[in-house]
Amino acid sequence: MKLNHINLGVTDVPATVELFQTYFGLRPAGDGMPMDERMAFLCDDNDSLISVFKAKDVAYPRVFHIGFLQDTPEQVRAIYQQLTDGGYTITPPSENHGRLTFYFNTPGGFVLEVESFFR
């Protein structure tokens, strides 16, 4: 089975798109899919789709988040540094259950995690 898509309601579509493209390598889905202030469609390296829609009252459950797995702890540290250099305020990565991870609040109103398992 393959994940087809995740649909997110966000407070700021352009800022969310910028975050996904700049720091996580997502790209526009193409094929006439909208990319504007109200909605955007992005793909990852496996062609899984993330759709982003403008929403007024974004309220995700406390445990909801999206995680991006990295190959190495060094990549986690590098993304952390890129994000903080880009103006994001993030608690530094920490070791947790055999992995290096950090979480942060996105400008769209949801939590994002970056992690790598120690090998």
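Preceding this section is the structure that the text describes.
Before we go on, may I ask you to explain helix α1 (residues 13-24) in this structure?
The α-helix advances 3.6 residues per turn, and as a result positions three or four apart in sequence lie on the same side. With 12 residues, α1 ought to run about 16 Å at 1.5 Å a step, and its terminal C-alpha atoms sit 16 Å apart, in line with that. Regarding α1, its N-cap is D12, as a side-chain oxygen of that residue lies 3.0 Å from the backbone nitrogen of A15 further along. Remark: G25 follows α1 within two positions and exhibits a positive phi of approximately 70 degrees.

Hey, could you run me through the environment of Q70 in this one?
Tracing the chain through its elements places Q70 in the loop between β5 (66-69) and α2 (73-85). Sequence spacing of Q70 and F117 is 47 residues, and the spatial spacing of their C-alpha atoms is 8.1 Å. Excluding its chain neighbours within four sequence positions, the residues that come into contact with Q70 are Q75, V76, I79, V114, E115 and S116.

How do you make sense of α2 when you look at a structure like this?
Under the 1.5 Å per step criterion, the end-to-end length of α2 is 18 Å for 13 residues, consistent within 8% with the ideal 18 Å. Where α2 is concerned, the buried positions are P73, V76, I79, Y80 and L83. Taken down its axis, α2 places every buried residue within 120 degrees of arc, on the same side. Opposite its buried face, α2 presents the exposed residues E74 and D85, each directed more than 90 degrees away.

Before we go on, may I ask you to explain the packing of α1 against α2 in this structure?
The geometry of a pair of packed helices is captured by two quantities: the angle between their axes and the separation between those axes. Two elements in contact, α1 and α2, have axes whose closest approach is 11 Å; the angle formed by their N-to-C orientations is 135 degrees. When the axes of α1 and α2 are compared, the pair comes out oblique. Handedness of the crossing formed by α1 with α2: right-handed. On α2, the residues that touch L19, Y23 and F24 of α1 are I79, Q82 and L83.

What is the right way to read the sheet that holds strand β7 (residues 99-105) from this model?
Strand pairing within a sheet occurs via backbone hydrogen bonds; the two strands may be parallel or antiparallel. Strand order in the open sheet formed by four strands is β5-β8-β7-β6, and the pairing between neighbours is mixed. Lying at the two open borders of the sheet, with one neighbouring strand each, are β5 and β6 (94-96). For this sheet, the mean angle separating the axes of adjacent strands, direction not counted, is 35 degrees. Pairing analysis gives three bridges linking β6 to β7, with the strands arranged antiparallel.

Got a minute to help me understand the environment of D47 in this structure?
Within the secondary structure layout, D47 lies in the loop between β3 (39-43) and β4 (49-54). Here the alpha-carbon distance between D47 and K2, two residues 45 residues apart in the chain, equals 9.9 Å. Among residues more than four places away in sequence, those in contact with D47 are K2 and R27. Of note is the side chain of D47, whose polar atom sits 2.4 Å from the side chain of R27.

Just to check I follow, could you spell out the packing of aromatic side chains for this structure?
Geometry of an aromatic ring pair is reported as the spacing of the ring centres plus the angle between the planes. Counted under the stated rule, the structure contains 10 aromatic pairs. Judged by centre distance (6.1 Å) and plane angle (65 degrees), the rings of F20 and F68 are edge-to-face. Linking F20 in helix α1 with F68 in strand β5, this pair joins segments that are 48 residues apart in sequence. On the basis of relative accessible area, F20 is assigned to the buried category, the value being 0%.

Calculation rules
Residues numbered from 1 in each chain as written. Predicted model: local features only at pLDDT ≥ 70, side-chain atom pairs only at ≥ 80, totals over all residues. Heavy atoms only, no water. Helix = DSSP H or I, 4+ residues; strand = E, 2+ residues; numbered from the N terminus. Expected span 1.5 Å × (residues − 1). Polar contact = N/O pair within 3.5 Å; in protein donor to acceptor, adjacent residues only side chain to side chain. Contact = heavy atoms within 4.5 Å. Buried < 20%, exposed > 50% of the residue type's maximum accessible area, 1.4 Å probe, protein only. Arc of directions from axis to C-beta. Axes fitted to C-alpha atoms, helices over the stretch in contact; angles between N-to-C directions. Parallel < 35°, antiparallel > 145°, perpendicular 65-115°, else oblique. Left-handed = near helix turned anticlockwise from the far one by under 90°. Pairing = 2+ DSSP bridges. Phe/Tyr/Trp six-rings, centres within 6.5 Å; stacked < 30°, edge-to-face > 60°.

From the geometry alone we can't say anything about function, so treat these as descriptive.
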